[in-house]
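Chains, contacts and geometry: an overview
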Amino acid sequence: MLNYLLRRVLYAIPILLGVNLLTFALFFMVNTPDDMARIHLGAKHVTPEAITRWKTEHGYDKPLFLNDQAPGPGAVTDTLFVEKSLKLFALDFGPADDGRDIAREIKTRMWPSLAIALPTFLVGLLAYLSFALLLVFFRGTALDTAGVVLCVALMSVSGLFYVIGGQYLMGKLWHWFPISGYQPGLEAWKFLLMPVLVSLVAGIGDSARFYRALFVEEIGKDYVRTARAKGLSELRVLFRHVLGNAMIPILTGVVVVIPRLFLGSLIIESFFGIPGLGSYTIDAIQAQDFAIVRSMVFLGSVLYIVGLVLTDLSYTLVDPRVRLE
Amino acid sequence: MSMKPVLLWSDMLILVLLALVVAGVWLLRHNETFRAPLRQVLARPLGAATALVLGVYVAIGLLDSVHYVERLPDGPQGEAQYSGEVLSALDALLTPLRERVEKTYSAPFATHLYAKETLTGPDGRQVRDYPRLVHGGAHLADTDQEFWGDVLLRGGLGALGGVIAWLLCFPLWKNRPAGRPFALTLLVTLVVLGLLVALAPHYHVLGTDKVGQDVLYLSLKSVRTGLLIGTLTTLVVLPLAIGLGIAAGYFGGRVDDLIQYLYTTLNSIPGVLLIAAAVLVVQVQIETHPDLFATAAARTDVRLLALCAILGLTGWTGLARLLRAEALKLRELEFVQAARAFGVTRARILARHLLPNVMHLVLISLVIDFSGLVLAEAVLSYVGVGVDPAMISFGNMINGARLELAREPVVWWQLAAAFLFMFVLVLAANLFADTVRDALDPRGSRP
C-alpha cells in the first residue's frame, strides 16, 4: 500500500512537470512577457520604458531558462522558469498580476465553491443513481421509454439555458431566491440553493442515461438471475446486487472529480455571482491575468492526480479482488 | 452587380472535409461492410428522421460557406474596388432579412417597436408611443385591423405550400422502410420552411435584437459556426487519436509509456482552463499582429480555426484511450497474429488489419462528440474564450441577450431562438449518434 502510494507520487512528478512546461511554453514563449505588458498597459501607454517598468514590477524581468548575469548557481535558479513555474511545486503561487496574493485568495474563496459543489455532487450522485435504478426497475415499460426520452432531451439543452431559465423563473418570476450574489454565514443558503438546484437539473440527462446503460448491461448477467432465483425482491436485487457490481465503473467517473470540487464551477459561479474559485478563474481569464490562470491549471492538475489515486483506493473498498501492489 | 469569390481558410477546410467524405463514400460504395450499417442507420425510423434534420442544418452551413465580396463602383483611376464586407450565398439568399434592420428590439411578429418614443403626430402634437417598425408589417395600412388576417392568410398559404411539397415528395419515401417518423419530420420541416418563406419577408418572425437585426437571420448564420466547431475539430482529433491510440496499443512498451504520459498530462489539466489558456495566447497573438488579416471576416475566421485546433488538441485523449484499449485487444487476435507470421509489414498490419477494425469506434465517438462541441461553443463564448465576439454564433447571441431578461417587458426572443436552434441541432445529433452506435456496435448498451 505504502509502496503503491509512493510510486504514484513519483509518477505524478513528471506529469506535473509536463503541465508546468506546457503552461510555461504557452505563457512565456509563445506569449512573451513583453506581449503581456502590452496587453495590460493598453494601446496608449506602450513605450519601451513602460514595458520594462511593468515587467520589473511584476517580476517578469528575468531570462527564461538561463541567467548568465547572475553569479554561481543563480545562472539556473534566478530565471523565470524557476521563479514562476517550479515554485508552484511548493504551492507557492506568488502574487497575481494585479498584485494580490493568490494563495490567500484561494484560501478564502474555496469555501463558497465547496458550499455549492459539495451538495451538488452528493445530492446529484444520489438522485441520478436512484433515478437510473428506477428506470431500470421499470425497464421495457412506457415509463422507461419516457425517462430515456426525457434524458436525451434534457442533455440536448444548452447548460446556459438551465442557468438563465432558473434565474428567470426562480429569481425574477417567483421571487424564491435572490438572482445572484453571496453573503457569508448562515444567510448563505438563500444564495446557494438556486445554483445547486440548477446544476442538479443540468446534470441529470447525461448522468442518469449513463448509469442506466451501466445497470442494463449488468442486469443481463448470471448473478442477477441467481439472485432472483433465490427469491430476492427486485428492489433488493437492484439496490444491493446490481448497484454493488456496477460500482467500479461508477467510481471511475465519480471519485476523480471529488478533489476538484474545491475549484468550483466556472459557469455556475460566475452566473450566480458566487465569490468562489470558479468565478476567480473566470475573472482572471477575462482580465488576462496569466499568473492566476497558471496557478489554477497547476492546482487543477494536482487535484486530478489526487483524484486518480483516490479512485484506485476506492476500488479496494468496493471490490475485494482489487489489490494495490 | 459583379462580385469576387473569397475563400476563407475555414471554407477551404470545409471543402477538404467534404471532398474526404465524398471520396470515402465513393470508394466504399460497393463495400458491403460499409453499406450494411449505413443502410441500417437510414432504415431506422429515428436514423432517417434525424439525418434529415441534420441535412437541413448542413445545407444551411454549406450555403453560408460560399463567400464573396461585392464589387463597388470603380475608383478614380478606374481600378477595381471591392467591399470590405464578406458575404455568403446564404446572405444573398436572405438579403431581405439581412438588410431590413430596425432601430432596436422588437418582438416576434411585432409591427411596433419595443420601446416608446416621442413621436410627432399628424396634427403636430408630440406623443409618447410605440413607433411603427420600418420594415416589420410595413405593408399593413391599419395594423390592428389587418394584422391577424394577413398573418393567417400568408401563414396558411405557406403551410399549404409545405404540405403540397410534402405530397410531391411522397414517391421518394413511399417504399422506404424508414416509416412514419421520417414522414412526420419531413412534413414538419417543409411546413416550417413554407411558413418562413411566406412570413419572413414581411415580418420579423423571431423579432429583432438590440441593434435591430432580424433574429431569424442571426440564428441561421449561427448554424455555420456551430457546425464548423463540431466538424473541423475532428480534422485535428482524427489523426492524433487514431495515430497515437493505435500506436500505443499495438507497439506497447516505451511508445505506450510515452503516449500514455502525453494524454495523462493533457487530461490532468482542467479542460476549460487549458482551452482558455490556449485561446488567450492566440488572442494576444491576433491582437499584436493586426496587419496579418485583410478583412474582419478573415480575423474572426482565423480565431474560429484556432479554437477548433485547440479543442482538437485538447480533445483527442478520450478517443485515443479507447483505441489504445481496442488495439491492445486486437493485436493478440488470431488474424493479426497470422498476418505477423506471414511477414506482413507493420505499416500494412496497422492499415489493413487494425484500422478497419476500430473504425466503428471512431465513427461512434465522432458523432457523439459533435453535440458536445456545439454546446461547448456557447459556454466558451460566454466565458470569453470562444469565437470572436464579432462573429455570429449561438454563444454570442445568448451572451448578448442574457441580461435583457431583467428588462420589463422581458426580451426573450433572442435567447429563445438561439436555444431552440441549438436544441434541435443537438437533439438530432444525439439521436443520430444513438442510431449510429446501435447500428455499428453490436454490443448495444455501451456507456
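Residues numbered from 1 in each chain as written. Chains lettered and ligands numbered in written order. Predicted model: local features only at pLDDT ≥ 70, side-chain atom pairs only at ≥ 80, totals over all residues. Heavy atoms only, no water.

**A few points about the overall build of chain A**
- Per the secondary structure count, chain A includes 15 helices and 0 strands.
- With the C-alpha coordinates aligned to their principal axes, the bounding extent of chain A is approximately 80 × 55 × 35 Å.
- Residues classed as buried in chain A amount to 47% of the 325 residues present.
- Carbon and sulfur atoms form 67% of the exposed surface of chain A, whose accessible area is close to 16000 Å². (Helix = DSSP H or I, 4+ residues; strand = E, 2+ residues; numbered from the N terminus. Buried < 20%, exposed > 50% of the residue type's maximum accessible area, 1.4 Å probe, protein only. Areas by Shrake-Rupley, 256 points an atom, 1.4 Å probe, with all protein chains shown as cover.)

**Some remarks on the overall build of chain B**
- Scanning chain B from terminus to terminus reveals 16 helices and 5 strands.
- The principal-axis extents of the C-alpha atoms in chain B amount to approximately 100 × 60 × 50 Å.
- Taken over 447 residues, chain B has a buried fraction of 47%.
- Sequence separation of at least 24 residues holds for 71% of the intrachain contacts in chain B that already meet a minimum separation of 6. (Contact = heavy atoms within 4.5 Å.)

**A short note on the pattern of salt bridges**
All names here are of chain A.
- Per the counting criterion, the structure on display carries 19 salt bridges over all chains.
- The shortest N-O distance in the salt bridge between R8 and D312 comes to 2.7 Å. Residue R8 is located in helix 1 (residues 2–30), and its partner D312 is located in helix 15 (residues 290–318); the two are separated by 304 residues in the primary sequence. Side by side, R8 and D312 carry an identical accessibility label, which is buried.
- A salt bridge links R321 to D319; the shortest N-O distance between them is 3.0 Å.
- The structure contains a network of salt bridges with shared partners spanning R100, E105 and R109. (Salt bridge = Lys/Arg side-chain N within 4 Å of Asp/Glu carboxyl O.)

**As for the environment of A:G278**
All names here are of chain A.
- With respect to the helices, strands and loops of the structure, G278 is situated in helix 14 (residues 277–286).
- Residue classification places G278 among the buried residues on the basis of a relative accessible area of 0%.
- Taking the C-alpha atoms as reference points, G278 and D222, 56 residues apart in sequence, are found 45 Å from one another.
- Apart from residues lying up to four places away in sequence, G278 is in contact with S113, L263, S265, L266 and E269.

**Considering the sheet that holds strand 1 (residues 3–6) of chain B**
Residue and element names in this part refer to chain B.
- Read from one edge to the other, the open sheet built from 3 strands follows the order 1-2-3, with strand pairing classed as antiparallel. The strands lining the two open edges of the sheet, one partner per strand, are strand 1 and strand 3 (81–88). Taken pair by pair, the neighbouring strands of this sheet meet at an average axis angle of 30°, ignoring direction.
- Bridge count between strand 2 (residues 67–72) and strand 3: 5 bridges; the pairing is antiparallel. (Pairing = 2+ DSSP bridges. Axes fitted to C-alpha atoms, helices over the stretch in contact; angles between N-to-C directions.)

**Regarding the packing of aromatic side chains**
- Counted according to the given criterion, the structure contains 15 aromatic pairs over all chains.
- With a centroid separation of 5.0 Å and 40° between ring planes, the pair formed by A:W174 and A:W176 is classed as tilted.
- In this structure A:W174 comes out as partly exposed when scored by relative accessible area, which is 44%.
- Here a set of aromatic residues connected by ring pairs shows up, and it is made of B:Y105, B:Y114, B:W412 and B:W413.
- Note that B:R29 overlies the ring of B:W26, its terminal NZ or CZ placed 3.8 Å from the centroid. (Phe/Tyr/Trp six-rings, centres within 6.5 Å; stacked < 30°, edge-to-face > 60°. Lys NZ or Arg CZ within 6 Å of the ring centre and 35° of its normal.)

**Some points on the domain arrangement of chain A**
- As assigned here, chain A comprises domain 1 (2–90) and domain 2 (102–287).
- Computed from C-alpha atoms alone, the centre-to-centre distance between domain 1 of chain A and domain 2 of chain A is 38 Å. (Domains from an automatic or database assignment.)

**Regarding the pairing of strand 5 (residues 126–129) of chain B**
- Pairing geometry for strand 4 (residues 117–120) of chain B and strand 5 of chain B, over 4 bridges, is antiparallel. Across the sheet, B:L119 pairs through a bridge with B:V127, a residue of strand 5 of chain B.

**A short note on the packing of helix 9 (residues 188–219) of chain A against helix 11 (residues 234–245) of chain A**
Residues and elements named next belong to chain A.
- Running from N to C, helix 9 and helix 11 point in directions that differ by 105°, and their axes come no closer than 10 Å. The orientation of helix 9 with respect to helix 11, classified from their angle, is roughly perpendicular. Across the interface between the two elements, F215, E218 and I219 from helix 9 touch E234, L238, V242, L243 and N245 from helix 11.
- When the residues that make up the contact of helix 9 with helix 11 are grouped by side-chain class, the tally is 5 nonpolar, 1 polar and 2 charged. (Parallel < 35°, antiparallel > 145°, perpendicular 65-115°, else oblique. Nonpolar A, V, L, I, M, F, W, Y, C, P; charged D, E, K, R; others polar.)

**Quick notes on the interface of chain A and chain B**
- Taken residue by residue, the interface counts 45 residues in chain A and 48 residues in chain B.
- Together chain A and chain B conceal approximately 4100 Å² of surface at their shared face, both sides included; 73% is due to carbon and sulfur atoms.
- One can count 1 salt bridge joining chain A with chain B.
- Notably, a salt bridge pairs B:D434 with A:R209, separated by 2.9 Å at the nearest N-O pair.
- If you look at where chain A meets chain B, you find 5 residue pairs in polar contact (both at pLDDT 80 or more).
- Looking at the side of chain A that touches chain B, the elements that each hand over two or more residues are helix 1, helix 2 (33–41), helix 7 (142–155), helix 8 (159–173), helix 9, helix 13 (266–272), helix 14 and helix 15 of chain A.
- Among the elements that take part in the side of chain A that touches chain B, helix 1 of chain A stands out by supplying 9 residues, more than any other.
- Split by residue class, the side of chain A that touches chain B holds 30 nonpolar, 10 polar and 5 charged. (Buried area = accessible area lost by both parts, 1.4 Å probe. Polar contact = N/O pair within 3.5 Å; in protein donor to acceptor, adjacent residues only side chain to side chain.)

**Focus: a nonpolar patch on the surface**
Residues and elements named next belong to chain B.
- On the surface, a cluster of nonpolar side chains totalling about 720 Å² of accessible area is made up of L7, W9, M12, L15, L18, V22, V58 and L62.
- The set of elements that each furnish at least two residues to the nonpolar patch consists of helix 1 (9–27) and helix 3 (45–63).
- It is helix 1 that contributes the most residues to the nonpolar patch, 5 residues altogether.
- Exposure remark for V22: the relative accessible area of 52% places this residue in the exposed category. (Patch = residues over 30% accessible without salt bridge, like charges linked within 9 Å, V, L, I, M, F, W, Y side chains within 5 Å.)

**Some details on the nonpolar core**
- A:Y211, A:F215, A:I250 and B:I398 are the most contacted members of the largest nonpolar core, which totals 188 residues.
- Counting the residues that make up this core, at least three belong to each of domain 1 (2–90) and domain 2 (102–287) of chain A.
- A:Y211 has contacts with A:L125, A:Y128, A:L129, A:A132, A:I250 and A:V254, leaving out every residue within four places of it along the chain. (Core = buried A, V, L, I, M, F, W, Y, C linked by side-chain atoms within 4.5 Å.)

**Side note on the side chain of B:T111**
All names here are of chain B.
- Here T111 shows up in the loop between helix 5 (95–99) and strand 4.
- Within the local environment of T111, its side chain forms a polar contact with the side chain of H112, the two groups lying 2.9 Å apart.
- Look past the residues within four positions of T111 in its chain and what remains in contact with it is P131, R132, L133, G136, G137, L140, T143 and F147.

**Things to note about the environment of A:V224**
- As for its placement among the helices and strands, A:V224 is situated in helix 10 (residues 222–229).
- Filtering out sequence-adjacent residues up to four positions away, A:V224 remains in contact with A:E218, A:I219, A:V237 and A:V242.

**Thoughts on unusual backbone geometry**
- We note that A:H175 has phi near 55°; this positive angle belongs to a residue other than glycine.
- Inspection of the secondary structure puts A:H175 in the loop between helix 8 and helix 9.
- Look at B:F109: it is not a glycine, yet its phi comes out positive at around 65°.
- Counting through the fold element by element, B:F109 comes out in the loop between helix 5 and strand 4.

**Comments concerning the environment of B:T33**
- Mapped onto the elements, B:T33 comes out in helix 2 (residues 32–43).
- Under the relative-accessibility criterion, B:T33 is labelled exposed at 67%.

**Observations regarding the confidence of the model for chain B**
- With 97% of its residues at a pLDDT of 70 or more, chain B shows a mean pLDDT of 85.
- Interface predicted TM-score (ipTM) for the complex: 0.85; the corresponding pTM is 0.89. (pLDDT = per-residue confidence, 0-100.)

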